[in-house]
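Fold and contact review
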Amino acid sequence: MSTAALLDNSHYEQACDQAIAMCDGNLRSTIKALIMANEYLEAELEELQAAISAGCIPETSHSRMRSKSNVA
C-alpha cells in the first residue's frame, strides 16, 4: 500500500472516530446520521442539477463572498 493510500485511510479512520464520538459511541445513531446527511446531500445535488438544466447557474459561495466584499 502506498503512503498516499495510508494517509487516505487514516483520514477515513479519523472521520469514523469523530462521527461515532458525535453520536456518543452509538453505532446505530452514527449510521442513521450518516444516512440522513447523505440523503440531504443527494437532494441538494438534485436541486442543483435541476437548476443547471433549467439554465440557472447557482451562485457559488466564492462569488457571494466577492459580491459582499464589493458592497462593503
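Each value, and the rule that gives it
By convention here, each chain's residues receive numbers from 1 onward along its written sequence. For a predicted model such as this one, the threshold for reporting local features is a pLDDT of at least 70, and the threshold for listing and counting side-chain atom pairs is 80 or more; totals across whole chains, interfaces and linings nevertheless cover every residue. Each side-chain value is derived from all of the structure's non-hydrogen atoms; neither hydrogens nor water enter the calculation. Every helix listed is a DSSP run of H or I at least four residues long, and every strand listed is a run of E at least two residues long, numbered separately from the N terminus. Buried means the residue's accessible area, taken with a 1.4 Å probe over protein chains only, is under 20% of the maximum for its type, while exposed means over 50%, and partly exposed covers the values in between. Only the protein chains shown count as cover for residues, with accessible areas throughout obtained via the Shrake-Rupley method and a probe of 1.4 Å. A patch consists of residues whose relative accessible area exceeds 30% and which take part in no salt bridge; residues with like charges are grouped when within 9 Å of each other, and nonpolar side chains (Val, Leu, Ile, Met, Phe, Trp, Tyr) when within 5 Å. Between Lys or Arg on one side and Asp or Glu on the other, a salt bridge is scored when a side-chain nitrogen of the former is within 4 Å of a carboxyl oxygen of the latter. Note that His is not counted, nor are the chain ends; the positive residues are Lys and Arg, and the negative ones are Asp and Glu. The atoms used to mark charge sites are NZ of Lys, CZ of Arg, CG of Asp and CD of Glu. To estimate the expected span of a helix, count its residues, drop one, and scale the result by 1.5 Å. Polar contact criterion, stated in full: a pair of N or O atoms within 3.5 Å, where within protein one must be able to donate a hydrogen and the other to accept it, and residues adjacent in sequence count only if both atoms are side-chain atoms. In this analysis, two residues are considered to be in contact whenever any of their non-hydrogen atoms come within 4.5 Å of each other. A residue's pLDDT is the predictor's confidence in that residue, given on a scale from 0 to 100.

**With respect to the overall build of the protein chain**
The secondary structure content of the protein chain amounts to 3 helices and 0 strands. Starting at the N terminus, the α and β elements of the protein chain follow one another as α-α-α. In the protein chain, buried positions account for 4% of the 72 residues. Accessible surface for the protein chain amounts to roughly 6,500 Å². Of this, 60% is attributable to carbon and sulfur atoms.

**Some remarks on a negative patch on the surface**
A surface patch of negative charge is lined by E39, E42, E44, E46 and E47. Note that E39 resides in helix α2 (residues 27-53). For E39, a relative accessible area of 49% corresponds to the partly exposed category.

**Quick look at unusual backbone geometry**
Of note in this structure, D24 is not a glycine but carries a positive phi near 55 degrees. Counting through the fold element by element, D24 comes out in the loop between α1 (3-22) and α2.

**Remarks on α2**
Taking 1.5 Å of rise per residue, 27 residues should cover 39 Å, and α2 covers 39 Å from first to last C-alpha, within 8% of that figure. You can read the cap of α2 off the contacts: a side-chain oxygen lies 3.0 Å from the backbone nitrogen of R28, and it is on N26. Two residues or fewer after α2 comes G55, characterised by a positive phi angle close to 95 degrees.

**Let's talk about the environment of C23**
With respect to the helices and strands, the residue C23 is situated in the loop between α1 and α2. Of the residues examined, C23 reaches a relative accessible area of 19% and is grouped as buried. The spacing of C23 and A33 is 10 residues in sequence and 8.4 Å in space, taken between C-alpha atoms. Apart from residues lying up to four places away in sequence, C23 is in contact with S29, T30 and A33.

**Description of the confidence of the model for the protein chain**
Per-residue confidence for the protein chain averages 85 on the pLDDT scale, and 74% of its residues sit at or above 70. For the protein chain, per-element mean pLDDT is lowest for helix α3 (residues 61-71), which scores 58, and highest for α2, which scores 96.

**Considering the environment of C16**
For C16, the position within the fold is in helix α1. Along the backbone, C16 and T30 are 14 residues apart, and their C-alpha atoms lie at a distance of 9.0 Å.

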